[in-house]
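# Results of the structural survey
Here are the chains, one letter per residue:
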Amino acid sequence: MIPNPNTESTLFIQSLKGAGVAISNEREVIERLEEAREWHYAFTTLVKQGDRIGINFMANPGMQSAKLSAELQRVFALYRFPDQTESIFEARLLH
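In what follows, the accompanying structure is described.

In this section: the pattern of salt bridges. The full count for this structure, using the stated rule, is six salt bridges. Between Glu 31 and Arg 27 there is a salt bridge whose closest N-O contact spans 3.2 Å. Of this pair, Glu 31 and Arg 27 both sit in helix α2 (residues 26-35), four residues apart, which is roughly one turn of the helix. Across the pair Arg 74 and Glu 71 runs a salt bridge whose closest N-O atoms are separated by 3.1 Å. Of this pair, Arg 74 and Glu 71 both sit in helix α4 (residues 65-78), three residues apart, which is roughly one turn of the helix. What makes Arg 74 partly exposed here is its relative accessible area of 43%. Here Glu 71 falls in the partly exposed class, since its relative accessible area comes to 23%.

Structure below.
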């Protein structure tokens, strides 16, 4: 499947990257989110269990944690995630 760059889930992934997050196995993440009926739920599941299939989310080296946290807060709010999702994501984020 060729990812559609205009889907909300793909735009979300691009926003995460713009905020300073690197994603291992990014194509797999995008494909899974595009296939999911509830992509917010699918993303949260990948954050919690993605390491089992080689999906990890990492802060870019040299990114200040306060700036990253503020950017993540903005991105998760923009894409209407529940408040706890951002906290779960930040707790699992590799530095």
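Turning our eyes to something else, we now look at the packing of aromatic side chains. Applying the stated rule across the entire model yields 14 aromatic pairs. Between Phe 57 and Phe 89, the aromatic rings sit 5.3 Å apart at their centres with planes inclined by 65°, giving edge-to-face as the arrangement. Here Phe 57 is found in strand β2 (residues 57-59), whereas its partner Phe 89 is found in helix α5 (residues 83-92), with 32 residues between them in sequence. Phe 89 carries the same exposure label as Phe 57, and that label is buried. Three or more aromatic residues joined by ring pairs form one cluster here, namely Phe 12, Trp 39, Phe 43, Phe 57, Phe 76, Tyr 79, Phe 81 and Phe 89.

On to helix α3 (residues 39-49). The set of residues buried in α3 consists of Trp 39, Ala 42, Phe 43, Thr 44, Leu 46 and Val 47. Residues of α3 that are buried sit in contact with α1 (8-19), α2, β2, α4 and α5.

About the cut-offs
Residues numbered from 1 in each chain as written. Predicted model: local features only at pLDDT ≥ 70, side-chain atom pairs only at ≥ 80, totals over all residues. Heavy atoms only, no water. Salt bridge = Lys/Arg side-chain N within 4 Å of Asp/Glu carboxyl O. Helix = DSSP H or I, 4+ residues; strand = E, 2+ residues; numbered from the N terminus. Buried < 20%, exposed > 50% of the residue type's maximum accessible area, 1.4 Å probe, protein only. Phe/Tyr/Trp six-rings, centres within 6.5 Å; stacked < 30°, edge-to-face > 60°. Contact = heavy atoms within 4.5 Å.

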